[in-house]
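Breakdown of the fold
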Amino acid sequence: MRKIPLDRLKQIAGAANVLWRPEDLMLYEYDGLSTQSAPDAVVFPSSTEQVVQIVKTAAQEGIPIIARGAGTGLSGGAVVVEGGVVIAFARMKKIVEIDVENQRARVQPGVVNLDLSLAVSDYGYYYAPDPSSQKACTLGGNVAENSGGPHTLAYGVTTNHVLGLEMVLPDGTVAHTGANYWDRPGYDLTGLIVGSEGTLGIVTEITVRLSRRPEAVKTLLAIFDAIPHATRTVAAITARGITPAALEMMDGFTLRAVEAATHAGYPMDSAAVLLIELEGLREAVEEETEQIEAVCAENSAREVRRARNAEERDLLWRGRKNAFGALGRISPSYYVQDGVIPRTRLPEMMDYIGQVEERHRLRIGNIFHAGDGNLHPLLMYDSRDRGECERVTKAAAEIIAKCVELGGSITGEHGVGMEKSELMPLLFSADDINAMKKIKSVFNPRGFFNPGKVLPTGKMCGELRVHTGAGGQLAERG
Amino acid sequence: MPNVAEQLTAQLAAVVGSGSITFERSACSAFAIDDLVPQCVVYPGSAAHAAAALQYASNNGLAVVPCCNATKLSTGNVPRRYDVALCLKGLDQTRHYEPDDLTVSVEPGIRLGSFQELLSRRGLWIPLDAPDGAGSSLGGIVATNASGPLRLRYGAPRDMVLGMKIATVEGKVIKTGGRVVKNVAGYDLAKLMIGSYGTLGVIVEINFKLYPLPPRRVTRAFRATTLSIARDFRRKVLDSPLSPSRMILLDPGGSAIIRAGAPIARPAEHYEIWIEFAGSEAVTHRSLTMIEGIAASAGLAGHPLEEAAADGGWSRLADFASPGRRGPEDVLLKVSLPLSRAEEFIECSLREAGAAKVGHAACVQLGVGIIHLCLTPEERASELLAITGRIRQAAVQRGGALTVLHCPAGMKKNIDVWGTEPDDFPLMQRLKQTWDPNGTLSPGRFLGHL
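Residues numbered from 1 in each chain as written. Chains lettered and ligands numbered in written order. Predicted model: local features only at pLDDT ≥ 70, side-chain atom pairs only at ≥ 80, totals over all residues. Heavy atoms only, no water.

**Observations concerning the overall build of chain A**
When helices and strands are counted, chain A shows 16 helices and 20 strands. Here the C-alpha radius of gyration of chain A, 22 Å, is about what a compact globule of 478 residues would show, namely 23 Å. Dimensions of chain A along its principal axes, counting C-alpha atoms only, are 65 × 60 × 45 Å. Residue pairs in contact within chain A that sit at least 24 positions apart in sequence constitute 72% of those at least 6 positions apart. Only carbon and sulfur atoms are counted for the fraction: they give 49% of the accessible area of chain A, which is about 16,600 Å². Here chain A holds 50 positive side-chain charges and 60 negative ones, and the gap between their average locations is 4 Å. (Helix = DSSP H or I, 4+ residues; strand = E, 2+ residues; numbered from the N terminus. Rg over C-alpha atoms; globule rule 2.2 N^0.38 Å. Contact = heavy atoms within 4.5 Å. Areas by Shrake-Rupley, 256 points an atom, 1.4 Å probe, with all protein chains shown as cover. Lys, Arg positive; Asp, Glu negative; His and termini not counted. Charge placed at Lys NZ, Arg CZ, Asp CG, Glu CD.)

Pasting the structure below:
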């Protein structure tokens, strides 16, 4: 067992800010992926300088360092693979600067996504990327994962809204990438670090762009009696060149669970709904609403409802954003997948997911960012049923393989993390992966920042690294 | 130095196919950088050829500069060595065009202008008005992250590229990203390549996200007598629900360019603001009504522009910011600032230019904070170096940076065109060292003489 320099960590962050008793560490054994593995210690620094000291201490001993925000990630990015020290950013949650005229904010990584939008809302601004977990997830985690969200369809994902970073490198140096203005000369390291899942540096400060709130917002609920009607509508909206702010789909199975939990007003007897949001000038929103209604009608929508006020709109979104939780009411466990396909292939893909569901005797709910082609099949299972656990993992792997076959990707916004590192060869050749390894060797040559993530370890070739059974360690098959 | 010419003819021609390489002086001169003329031009016919040529060059200590139409070769520090111009003109095919998915993958040699033409047949475009779009290749635009005033609403190439293929000095063609609009699988190497000026690898295929062409575009031009009026206007627009597609401020010199296409000796005394809205009839109509109200309240006098006049103006402006279109004695600068500091910066640079009796023409991308500034010698060309230094200082003092996009070869020897190195520069050095250990790609041309 490796020796953790607890005394030194306590000296750096204060005794109260270091957790090391097994019962205290239990909370940090997992994130949103169903996999457990305990760190050796958790430290809560309150400044960049403390992060530097922690990193230097860990470097001396060769101890892995894993950065963690709120632990809402869905790919095991914040879970240790082989022990180590977790740097949890719960105490670094200051909004350092809000510069409205320049449309910028500078924040510490522990700031909760929604809190930033709330802090600038009086000025008529917000922070655009809105992961469904935005009430809890942190901006540091968003940067690590390059998070998306429903409204990234029109406004882009995290990387399109981050201009600069402060980060700590494995040797304890602090580097500043980017700036608060565009196009600082040099390589775009900010663009490289965003989405690198804590494997290249520990981000300690983030400069983001703030966006102006639109004048008008309209939320529509299009109701369908058959899933293909809904998927064809999505393809038609894209092909007509209408870009809603958000275009989300929920199948009948999922919406019934959501409705039972949130009473958002989703029709219990429908096969699928599309939640569509339009934003902009009043005139644009009016016109696009009519266009969308026409496309929906052409594709056999049963009905298109308009949210009449902010309350109705919030309710519809509450249903969508709390859907994962609602599913907990009907199934002991579920496994969320995150694949991407070209949007025109949506009808075909949904058929395929239906076949997988049948073949493996599972229930799969679908609630996803349809406008981006970013799927989130939710595979229901009972972790006490060993056979079902195995079928779930197999089914998920088949769905991901199909996404790749259709020209898509293994992950749209949840990240590769631990879960999909061994699936990277589905998308990338050995040469492609070697190029990424070279990048890693530049930033993290000894590999002790978030080891075992993103790049394939070669240990479980081609398999999802997820543990769907109860308790125990990460499943190591293959 | 071995006899490069002989070595290359025998070996490189075998690698890239004979007929794909020329040693003719005139062909080589077309790709000269300042006083440096390459010894040959290689025209790869495929991505694999490009990779093979790079590998050959790397193994044999030759320096390669990727290029296409030579519109941006004058940007960058003078390379330490320059043997081979790797011209990607021949890679000009559209690979996967999925108009219904709003994605396309293309080779780098296609020019932006012809690409837009192709897309417009399906009612699509990429909302990019990079300098000299008619003459610039997509590869060059992406490699330099070149953008124009449309950036205000749509972003830069960085925001439109979904993935790419890159030829490396190891002779490989590697892939990053994909062809779907959302993708977080693996490190985003495309971000590294975008804006790296061909110093890490050669872009051989690019996947773009596409956008529907707006049904209508309308431009209004306004005159402002002072910069503080312009600032007031910019604040009011950004504080309104309007989302203009472009919004620029021209100083008197810049105003002459947008109208006449060239600096004129005695420009008018006023500043000019051009603002464009895109969208449906109802949207553009409402936007114009609102903008006229804002302009009046800010003290601006405005007038509508015929579509043709507006299009001509916008395209002259794009050409103005193109290094390849500036005269040999001109200095073209790109200044990036926190957007609120743009107007006061212009005030300062105008003062400096006036004192030094140097011609000054500027285009400020309001709301973005990017300024293109052209200095022309009127009396003493020697003033240009000193005034560029002072203007750079003004940009840095206001929290920004200045890049020299184009200047006389003599001046370049006495100035670092990129400015000082930031504290993440050691990482950039290590990246360059790892990806291009023999210094094959554009050695010395980029920031910090990478």
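Here the narrative resumes.
**Here's the deal with the overall build of chain B**
Within chain B, the secondary structure is distributed over 16 helices and 19 strands. At 22 Å, chain B has a C-alpha radius of gyration in line with the 22 Å of a compact globule built from 450 residues. Reported as C-alpha extents along the three principal axes, the dimensions of chain B are approximately 70 × 55 × 40 Å. A burial count over chain B gives 63% of its 450 residues as buried. (Buried < 20%, exposed > 50% of the residue type's maximum accessible area, 1.4 Å probe, protein only.)

**Describing the packing of helix H8 (residues 227-239) of chain A against helix H10 (residues 282-298) of chain A**
All names here are of chain A. Where H8 meets H10, the closest approach of the two axes is 9 Å, and the angle between their N-to-C directions is 140°. As judged from the angle between their axes, H8 and H10 are oblique. Seen along the crossing, H8 lies across H10 with a hand that is right-handed. Along the contact surface, H8 presents Thr233, Ala236 and Ile237, while H10 presents Ile292, Val295 and Cys296. Counted by class, the contact of H8 with H10 contains five nonpolar, one polar and no charged residues. (Axes fitted to C-alpha atoms, helices over the stretch in contact; angles between N-to-C directions. Parallel < 35°, antiparallel > 145°, perpendicular 65-115°, else oblique. Left-handed = near helix turned anticlockwise from the far one by under 90°. Nonpolar A, V, L, I, M, F, W, Y, C, P; charged D, E, K, R; others polar.)

**As for the pattern of salt bridges**
Evaluation of the coordinates by the stated rule reveals 53 salt bridges over all chains. Residues Arg286 of chain B and Glu283 of chain A are paired through a salt bridge, measuring 2.7 Å at the closest nitrogen-oxygen approach. Within this pair, whereas Arg286 of chain B is found in helix H11 (residues 281-298), its partner Glu283 of chain A is found in helix H10, the two belonging to separate chains. Given the relative accessible area of 13%, Arg286 of chain B is considered buried. (Salt bridge = Lys/Arg side-chain N within 4 Å of Asp/Glu carboxyl O.)

**Things to note about the nonpolar core**
Grouped together as the largest cluster of nonpolar side chains are 204 residues, with contacts concentrated most on Phe443 of chain A together with Phe208 and Phe233 of chain B. The residues contacting Phe233 of chain B, other than those within four sequence positions of it, are Phe222, Met247, Ile273, Ile275, Ile291, Ile294, Ala295, Ala298 and Leu300 of chain B. If you look at the next biggest cluster of nonpolar residues, it comprises 24 residues, including Ile223, Met250, Val273 and Ala323 of chain A. (Core = buried A, V, L, I, M, F, W, Y, C linked by side-chain atoms within 4.5 Å.)

**Quick notes on the interface of chain A and chain B**
Each side of the interface is counted separately: chain A has 80 residues, and chain B has 70 residues. Across the chain A to chain B interface the summed buried area is about 6,300 Å²; carbon plus sulfur atoms make up 56%. Looking at the side of chain A facing chain B, the largest losses of area belong to Glu101, Tyr187 and Val442 of chain A, adding up to 13% of the total buried there. Between chain A and chain B we count 13 salt bridges in total. A salt bridge links Asp372 of chain A to Lys182 of chain B; the nearest nitrogen and oxygen atoms lie 3.3 Å apart. Elements with a contribution of two residues or more to the side of chain A that touches chain B: strand E8 (162-168), strand E9 (174-178), helix H7 (189-193), H8, H10, helix H15 (424-427) and helix H16 (430-443) of chain A. Per element, the largest residue contribution to the side of chain A that touches chain B is ten residues, and it comes from H16 of chain A. Here the residues of the side of chain A that touches chain B are counted per class, giving 32 nonpolar, 30 polar and 18 charged. (Buried area = accessible area lost by both parts, 1.4 Å probe.)

**Regarding the pairing of strand E4 (residues 84-87) of chain B**
Residues and elements named next belong to chain B. Here E4 shows no split at all, with Val84 and Leu86 on one side and Ala85 and Cys87 on the other all buried. Inspection of the sheet shows strand E2 (residues 40-42) paired to E4 by three bridges, in the parallel sense. The residue of E4 that forms the bridge with Val42 is Leu86. Bridge count between strand E3 (residues 64-67) and E4: four bridges; the pairing is parallel. By the bridge assignment for E4, Cys67 is matched with Cys87. (Pairing = 2+ DSSP bridges.)

**Some points on the domain arrangement of chain A**
By a widespread convention, an interface's size corresponds to the accessible area lost as its parts come together. Residue and element names in this part refer to chain A. Domain parsing of chain A yields domain 1 (1-213) and domain 2 (215-329). In this structure, domain 1 and domain 2 have C-alpha centres spaced 33 Å apart. Counting residues at the interface gives twelve residues for domain 1, matched by 13 residues for domain 2. Contact with domain 2 buries area across many residues of domain 1, yet Pro150, His151 and Leu153 alone supply 49% of it, more than any other trio. (Domains from an automatic or database assignment.)

**Topic: helix H4 (residues 113-120) of chain A**
For H4 of chain A, the set of buried residues is Asn113, Leu116, Ser117 and Val120 of chain A. All buried residues of H4 of chain A project into a common sector of 95° when viewed along the axis, lining one side. (Arc of directions from axis to C-beta.)

**Some thoughts on the packing of aromatic side chains**
One pass over the full model with this rule turns up twelve aromatic pairs over all chains. In textbook terms, an aromatic cluster arises when at least three aromatic residues are bridged by ring pairs, as seen for Tyr187 of chain A together with Tyr197, Trp418 and Phe446 of chain B. Against the face of Trp182 of chain A rests Arg104 of chain A, its NZ or CZ located 5.3 Å from the ring centre. (Phe/Tyr/Trp six-rings, centres within 6.5 Å; stacked < 30°, edge-to-face > 60°. Lys NZ or Arg CZ within 6 Å of the ring centre and 35° of its normal.)

**Observations concerning the environment of Met349 of chain A**
Residue and element names in this part refer to chain A. Looking at where Met349 falls in the secondary structure, it is placed in helix H13 (residues 346-359). With 338 residues separating them in the primary sequence, Met349 and Gln11 have C-alpha atoms 54 Å apart. What Met349 contacts, discounting residues up to four positions off in sequence, is Ile341, Leu375, Ile399, Lys402, Cys403 and Leu406.

**Here we look at the side chain of Thr22 of chain B**
Residue and element names in this part refer to chain B. Within the element layout of this structure, Thr22 appears in strand E1 (residues 21-22). Of the polar contacts made by the side chain of Thr22, one reaches the backbone nitrogen of Glu24; its length is 3.1 Å. Residues contacting Thr22, with those up to four places away along its chain left out, are Ala27, Cys28, Gln39, Cys40, Val41 and Tyr43. (Polar contact = N/O pair within 3.5 Å; in protein donor to acceptor, adjacent residues only side chain to side chain.)

**Examining the sheet that holds strand E5 (residues 95-99) of chain A**
Residue and element names in this part refer to chain A. Taken in spatial order, the five strands make up an open sheet running E5-E6-E10-E8-E9, and their pairing is antiparallel. In the strand order of this sheet, the two ends are held by E5 and E9, each with one partner. Across the sheet, the axes of successive neighbouring strands diverge by a mean angle of 10°, strand direction being ignored. Here strand E6 (residues 104-107) runs beside strand E10 (residues 202-209); their pairing, made up of four bridges, is antiparallel.

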